[in-house]
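# Breakdown of the fold
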Amino acid sequence: MIRPPALERGDKVAIVSPSGIVLPERVEGAVAAFREWGFQPVTGQHVLESHCTYHTIRFGGTRQQRLADLQWALAEDSIKAVLCSRGGYGVVHLLELLDHDAIKRHPKWLIGFSDISGLHALFHKLGIMSIHASMAKHFTEHGTQGEISRAVLNILTGGRWPEYHEQGHAFNREGTATATITGGNLTVLAGLMGTPYNLMKPGQLLFIEDIAEEPYRVERLLYQLRLAGILPQLAGLIVGKFNRYHADGRFIETSDEDMHQDMNTMIRDMVAPYGYPVAFNFPTGHIDRNLPLIEGATATLTVTATHTHL
């Protein structure tokens, strides 16, 4: 895997909207944060566009506009990193239309999560590492300060993520595994199975998260992984946050861990036949504390009865 070059002061960072529509103030907040770090933020021509289709979905521009901005950001040699403004459905429209050779000629850091998992899958196919991390909303609300922002900056400037030490969970399965770490939004990634952009493969440290998907839907996706021979052959599994779903008539948010018992129990039972380490309640996903992870990097996961170390 190619690790993109480290950024230096004055380097350009592009902000584009390849998926959903973004609020202007969030782009402005991200521009301010990256400028404070000494970078030169530039925005795609269509970053604030809006386009509605299927009567309900609001994209960050037409398919052609989103493609043009993303292709420009990924192919332009003077741009050293690309921050996706937000998630929301839409990346799948662009995967086969992007100039893959141009991306390989100019490898650079891609930052984002949620629907941006589709772009992480493309980068992995092309052999380029990328950053699964928060987007414009985070930098607008938290600026350059705090654990998440500092970790993103550290990666961009040549470091790795800090060593993460997290509290254990009752369902954790102890063990240690070293492998390539990949993952992201489970629904997005499951939709790419059987395509050239399939990210989930045997032998990996896989991390998963999702939003607004009820336990039976997540179970269906995990059965897909099981029947494809991937779930039984992972090196390790990191279970992130699954929030904003309904169960037993209740609306489940991330704040009440006890109410996640149904989701976590289902996942525990799905992986019960296998022997690799499993870490529950890891802070990745649609939450404020969304710890940055380098997709495609080699990592070591250590799970004990009391802690998870990554």
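### Describing the pairing of strand β5 (residues 79-84)
- Extensive coverage of β5 is indicated by the burial of 5 of its 6 residues.
- Bridge analysis of strand β1 (residues 12-16) against β5 gives 5 bridges, and the strand direction is parallel. Within β5, the position partnered with Ala14 by the bridge is Val82.
- Remark: the β5/helix α3 (residues 100-105)/strand β6 (residues 109-112) crossover connection has right-handed handedness.

### Regarding the packing of helix α8 (residues 215-227) against helix α9 (residues 261-270)
- Viewed as axis vectors pointing N to C, α8 and α9 meet at an angle of 15°, and their least axial separation amounts to 10 Å. By the angle between their directions, the pair α8 and α9 is classed as roughly parallel. With respect to the hand of their crossing, α8 and α9 are arranged in right-handed fashion. Facing Pro215, Val218, Glu219, Leu222, Tyr223 and Arg226 of α8, the residues of α9 in contact are Asp262, Met263, Met266, Ile267, Asp269 and Met270.
- For the contact of α8 with α9, the per-class residue count stands at 8 nonpolar, no polar and 4 charged.

### Things to note about α9
- Among all positions of α9, only Met263, Asn264, Met266, Ile267 and Met270 are buried. Along the axis of α9, the buried residues cluster in a sector spanning 160°; they form a single face.

### Re the side chain of Ser149
- With respect to the helices and strands, Ser149 occurs in helix α6 (residues 147-156).
- Polar contacts involving the side chain of Ser149 include one to the main-chain carbonyl oxygen of Gly143, which spans 2.8 Å.

### Some points on the pairing of strand β9 (residues 175-185)
- The pairing of β9 with strand β16 (residues 298-303) spans 6 bridges and is antiparallel. By the bridge assignment, Thr180 is partnered in β16 with Thr298.
- Relative to strand β10 (residues 205-211), β9 is paired through 5 bridges, and the arrangement is parallel. What sits directly across from Gly184, in β10, is Ile208.

### A short note on the environment of Asn243
- Along the chain, Asn243 turns up in strand β11 (residues 236-243).
- Residue Asn243 is classed as buried on the basis of its relative accessible area of 1%.
- Residues Asn243 and Glu209 lie 34 residues apart in sequence; the distance between their C-alpha atoms is 8.7 Å.

### Observations regarding the pattern of salt bridges
- In total, this model carries 6 salt bridges according to the counting rule given.
- Note that Asp101 and Lys104 form a salt bridge whose closest N and O atoms lie 3.8 Å from each other. Residue Asp101 and its partner Lys104 are both found in helix α3; the two are separated by 3 residues, about one turn of the helix.
- Relative accessible area serves as the criterion here: at 46%, Asp101 is assigned to the partly exposed category.
- For Arg217, the salt bridge is made with Glu213, and the minimal N-O distance between the two is 3.9 Å.
- On the basis of relative accessibility, which here comes to 30%, the residue Arg217 falls in the partly exposed class.
- Three or more residues joined by partner-sharing salt bridges are found here, namely Glu147, Glu166 and Arg289.

### Quick word on the sheet that holds β10
- Spatial strand order, β8-β17-β16-β9-β10-β11-β14: 7 strands in an open sheet with mixed pairing. The open sheet has two edge strands, β8 (165-167) and β14 (278-279), and neither has a second partner.
- For β8 and strand β17 (residues 307-309), the ladder comprises 3 bridges, and the chain directions are antiparallel. Counterpart to His165 in the pairing with β17 is His309.

### Brief notes about the nonpolar core
- Residues Leu119 and Leu237 are the most contacted members of the largest nonpolar core, which totals 101 residues.
- Ignoring sequence-local partners within four residues, the contact set of Leu119 consists of Pro18, Leu70, Cys84, Val91, Leu95, Leu98 and Leu110.

### Remarks on α6
- Within the sequence span of α6, burial applies to Ile148, Ser149, Ala151, Val152, Ile155 and Leu156. Here the buried residues of α6 occupy an arc of 165° about the axis, which is enough to place them on one side.
- For α6, the elements touching its buried residues are α1 (24-36), β5, β6, β7 (130-132), α5 (136-142) and β15 (293-295).
- Of the residues trailing α6, Gly158 is marked for its positive phi of about 115°.

What counts, and where the lines are drawn
Sequence order as written defines the numbering, with residues in each chain counted from 1. In view of the model being predicted, local features appear only for residues whose pLDDT reaches at least 70, and side-chain atom pairs are presented and counted only at 80 or more, with totals across whole chains, interfaces and linings using the full set of residues. To obtain the side-chain values, all non-hydrogen atoms of the structure were included, while hydrogens and water were left out. Here the term buried applies to any residue with accessible area under 20% of the maximum for its type, exposed to any over 50%, and partly exposed to those in between, with areas from a 1.4 Å probe on protein chains only. For helices the rule is a DSSP run of H or I covering at least 4 residues; for strands it is a run of E covering at least 2, with both sets numbered from the N terminus onward. The rule for pairing is simple: two strands pair if DSSP sees at least two bridges between them. Handedness of a crossover is defined as follows: with both strands directed away from the viewer, a clockwise route from the first strand across the helix to the second makes it right-handed. Where helices are involved, their axes are fitted lines through C-alpha atoms of the stretch in contact, as for all axes, and angles between N-to-C directions lie from 0 to 180°. The scheme is simple: roughly parallel for angles under 35 degrees, roughly antiparallel for over 145, roughly perpendicular for 65 to 115, oblique for anything else. Left-handed describes a crossing whose near helix is turned anticlockwise from the far helix by less than a right angle; the clockwise case is right-handed. The contact criterion used throughout is that any non-hydrogen atoms of two residues lie within 4.5 Å. The nonpolar class holds Ala, Val, Leu, Ile, Met, Phe, Trp, Tyr, Cys and Pro. Asp, Glu, Lys and Arg form the charged class, and all remaining residues, Gly among them, are polar. The arc in question is traced by the directions running from the helix axis to the C-beta atoms. Contacts described as polar in this section are N or O atom pairs within 3.5 Å, which, within protein, must combine one atom able to donate a hydrogen with one able to accept it, while residues neighboring in sequence count only if both atoms come from side chains. In the sections that follow, a salt bridge refers to a side-chain nitrogen of Lys or Arg positioned within 4 Å of a carboxyl oxygen of Asp or Glu. Here, nonpolar core refers to any group of buried Ala, Val, Leu, Ile, Met, Phe, Trp, Tyr and Cys residues whose side-chain atoms link them within 4.5 Å.

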